[in-house]
Amino acid sequence: MHLLSTQDMARADRLTIENGVAGAKLMWNAAEAVADTVRKVAGPDRPIRILCGPGNNGGDGYALGAILASEWRDVTIFALGEPAPGSDASWALSKWNCPVGDLSDYRPAHSDLIVDALFGAGLSRPLDGQAAAVVERVNSSGACVVAIDVPSGIGGDDGRIHGAAVRADHTVTFFRGKPGHWLYPGRAHRGELHLKDIGIDDSVLNGIGSRFRLNGPLLWNSEWPKPKEETHKYERGAVAVLSGNRLSTGASRLSARAAARMGAGAVTIIAPKEAASIHAAHLTAIMVHQAEEADEVIERLSDGRERAVVAGPGYGVGAPLCDMVLGLLALDRRTCGHRTTVLDADVLTSFRDEPDVLFAAIRNSDHRVVLTPHDGEFARLFPDLSSNDRPKTVRVADAADRSGAVVLLKGADTVIAEPKGRIAINPNGTPLLATAGSGDVLAGMIAGLCAQSMPVFEACCAAAWCHAEAGSSFGPGLIADDLPEQLPDVLRRLHQREGDKE
Ligand SMILES: NC(=O)C1=CN([C@@H]2O[C@H](COP(=O)(O)OP(=O)(O)OC[C@H]3O[C@@H](n4cnc5c(N)ncnc54)[C@H](OP(=O)(O)O)[C@@H]3O)[C@@H](O)[C@H]2O)[C@@H](O)CC1
Ligand SMILES: Nc1ncnc2c1ncn2[C@@H]1O[C@H](COP(=O)(O)OP(=O)(O)O)[C@@H](O)[C@H]1O
Ligand SMILES: [K+]
């Protein structure tokens, strides 16, 4: 599913208008769509108070008022400024044949149903003065709020609070969701999101070419690996996971088990001697290979059996890990094939003083690379991209362009970006995933899918989505060890859904 930036949404409106649908008609359709939700939420008797801004978001509010007043509902409008003469909003105001109150006079009652039509896609500066004051009164009133398009004060592109922002129970948006509906804190401010058709044809998306996607099975199910009937375990897809020393072996086992559960045919942990014997005592289906120094590890991985490698979880920060990674990335594809390397955790911290060395190695490598930082690791590798002054989506996309890797920035609103390409926001995260080792599982899941030849961006998106499904379907009490064990159930349901569609 595409998401549209506010600029792209304005283009969608424009293209539709050029194709012969009047702007006023779109506005009326938008108001009808909001009216549907308001009727359901307000029931027959609740007083409806509509707060209108000076632009087209306010125009939607005036049109909504006209529709609801024609049904003899108790509707009042309070406005901030007047629509520009000749605008669609001014036309909508002409349909509202009743007085308009001044926004500063509105005192919300708990029983009101408040419709927030102050600002939507056109928010151009932080809220202050009367607008900020009314938002404060609305938020502290405890009244139910339906926001039109975007809760006022939330940036449609960045999901951030600009000055002050309405906390809505419902948000009705049109044609496609916006990044700000899915990035925090906007995601928390929007309440339940209702996506409504207002007569914009899907074909306008071709003329827009939006980079933004909402992550979900539609994005990657067609690329899901299907093993051939006559396959064998290495052909199905083999993964190697590099282990740390004997005191930190657990992380690599979590990655390895996750890779196997995602369908990799053979998974091997490569570990130094003392760690290898600990792994051997814990593992059954996962293989263990003993290798002491970087040279031995690289030698073991130079024959191309493994289509994906995970490096970083529990390895230990330092120069030996940097050397190992640089060695792996320098392997010639003529001898070891075209592989995907997932760089997580300690790798990301190890390159904090020389991120450009890592990025140059990635760009010069024959292999595809995935970087899976959390916020702290992202700030170490991309210090200038870590400040919140630009949307998270754009910062992750810049990191992907700079590094040449697919970058997955973990968090409650995980963002995945490919160099010069698509940017996906993951919608189904749960705070239950904030548990030690859950990132190690995610790295293994990505490697498991890449080893089976799933394209890298799709593999990252699918892994993030399945990881979150595993967390929420397991529920309270979740620890990272449970995630790989939950995956068969997640995959069964996923494929069942696909089967139902056929
Ligand atoms: N186009 C279409 O056909 C359709 C559009 N639709 C609807 O239109 C909405 C977008 O409309 P829009 O572009 O007019 O922007 P909108 O959100 O009303 O705000 C702009 C106004 O607010 C003002 N303003 C901004 N920030 C401010 C602040 N902090 N404090 C005070 N003022 C501030 C800004 O002032 P200015 O920056 O010009 O000084 C300008 O006057 C979209 O969200 C959807 O609901 C639907 O009907 C479907 C069809
Ligand atoms: N509040 C949250 N909501 C949803 N997902 C979360 C939340 N906090 C963390 N996660 C997810 O949990 C995982 C944690 O990974 P990471 O920070 O690397 O943990 P670890 O290093 O312990 O393995 C990531 O996939 C992240 O997206
Ligand atoms: K709004």
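Keep in mind that what you see is a predicted model, and the values were worked out from it rather than measured.

Analysis parameters
Residues numbered from 1 in each chain as written. Chains lettered and ligands numbered in written order. Predicted model: local features only at pLDDT ≥ 70, side-chain atom pairs only at ≥ 80, totals over all residues. Heavy atoms only, no water. Near = heavy atom within 4 Å. Polar contact = N/O pair within 3.5 Å; in protein donor to acceptor, adjacent residues only side chain to side chain. Areas by Shrake-Rupley, 256 points an atom, 1.4 Å probe, with all protein chains shown as cover. 1 Å grid on protein atoms, 1.4 Å probe; cavity = no way out; pocket = protein on both sides within 12 Å on 5 of 7 lines; lining within 4 Å. Sits in = over half its atoms within 2 Å of the grid points. Helix = DSSP H or I, 4+ residues; strand = E, 2+ residues; numbered from the N terminus. Nonpolar A, V, L, I, M, F, W, Y, C, P; charged D, E, K, R; others polar. Phe/Tyr/Trp six-rings, centres within 6.5 Å; stacked < 30°, edge-to-face > 60°. Buried < 20%, exposed > 50% of the residue type's maximum accessible area, 1.4 Å probe, protein only. Pairing = 2+ DSSP bridges. Contact = heavy atoms within 4.5 Å. Axes fitted to C-alpha atoms, helices over the stretch in contact; angles between N-to-C directions. Points joined across faces, edges and corners; volume = space filled by probe spheres on them.

## Notes on the site of ligand 1
Thought 1: In the neighbourhood of ligand 1, 20 residues make up the surrounding shell, with Asp 60, Gly 120, Ser 124, Arg 125 and Asp 149 lying closest.
Thought 2: Asn 56 is positioned such that a nitrogen or oxygen atom in its backbone is 2.9 Å from an oxygen atom of ligand 1.
Thought 3: Within the backbone of Ala 121, a nitrogen or oxygen atom sits 2.9 Å from an oxygen atom of ligand 1.
Thought 4: Compared with its free state, where it exposes 940 Å², ligand 1 has 75% of that area covered by protein.
Thought 5: Among the detected pockets, ligand 1 sits in the largest pocket.
Thought 6: Sorting the residues of the shell around ligand 1 by element identifies α2 (23-42) and α3 (56-69) as the ones contributing at least two each.
Thought 7: Looking at the shell around ligand 1 residue by residue, the classes come out as 10 nonpolar, six polar and four charged.

## Here's the deal with the site of ligand 2
Thought 1: Close contacts around ligand 2 come from 18 residues, with Lys 410, Gly 411, Gly 437, Ser 438 and Gly 439 the closest.
Thought 2: Lys 410 places a side-chain nitrogen or oxygen 2.6 Å from an oxygen atom of ligand 2.
Thought 3: When isolated, ligand 2 has an accessible area of 580 Å², and the protein chains bury 77% of it.
Thought 4: The element best represented in the shell around ligand 2 is helix α20 (residues 438-451), accounting for four residues.

## A short note on the packing of aromatic side chains
Thought 1: What the rule picks out here adds up to six aromatic pairs.
Thought 2: Where Phe 78 meets Tyr 106, the ring centres are 4.8 Å apart and the plane angle is 35 degrees; that geometry is what we call tilted. Linking Phe 78 in strand β2 (residues 75-79) with Tyr 106 in the loop between β3 (101-102) and β4 (113-117), this pair joins segments that are 28 residues apart in sequence.
Thought 3: Using a relative accessible area of 13% as the deciding quantity, one classes Phe 78 as buried.
Thought 4: For Tyr 106, a relative accessible area of 2% translates into the label buried.
Thought 5: On the basis of an interplanar angle of 5 degrees and a centroid distance of 5.1 Å, the ring pair of Phe 359 and Phe 382 is categorised as stacked.

## Points about the sheet that holds strand β7 (residues 192-196)
Thought 1: Reading across the sheet, the seven strands line up as β3-β2-β1-β4-β5-β6-β7 and stay open at both edges, with parallel pairing between neighbours. Lying at the two open borders of the sheet, with one neighbouring strand each, are β3 and β7.
Thought 2: Sheet analysis places strand β5 (residues 144-148) next to strand β6 (residues 170-174), joined by three bridges and oriented parallel. The residue bridging Ala 147 from the neighbouring strand is Thr 171, located in β6.
Thought 3: Running over the sheet, α2 touches β1 (48-52), β4, β5, β6 and β7 and is turned about 160 degrees from β6.

## Focus: the environment of Thr 349
Thought 1: Mapped onto the elements of the fold, Thr 349 is located in helix α16 (residues 346-350).
Thought 2: Residues Thr 349 and Leu 381 lie 32 residues apart in sequence; the distance between their C-alpha atoms is 7.5 Å.
Thought 3: Ignoring anything within four residues of it in the chain, the contact list for Thr 349 reads Val 317, Glu 377 and Arg 380.

## Side note on the layout of surface pockets
Thought 1: One number sums up the size of the largest pocket: a volume of about 760 Å³.
Thought 2: Gly 55, Asn 56, Asn 57, Ala 121 and Gly 122 are, among the 33 residues lining the largest pocket, the residues nearest its centre.
Thought 3: Of all elements in the fold, only α1 (6-18), α2, α3 and α5 (129-141) reach the threshold of two or more residues within the lining of the largest pocket.
Thought 4: Looking at which element gives the most residues to the lining of the largest pocket, the answer is α1, with five residues.
Thought 5: The residue makeup of the lining of the largest pocket, split by class, is 17 nonpolar, nine polar and seven charged.
Thought 6: In this structure, the second largest pocket spans a volume of roughly 460 Å³.
Thought 7: Lining the second largest pocket are 23 residues, and of these Lys 410, Gly 411, Leu 433, Ala 434 and Ser 438 sit closest to its centre.
Thought 8: Counting residues per element, the ones that place at least two in the lining of the second largest pocket are α20 and α21 (456-474).
Thought 9: Broken down by element, the lining of the second largest pocket gets its largest block of residues, four residues, from α20.

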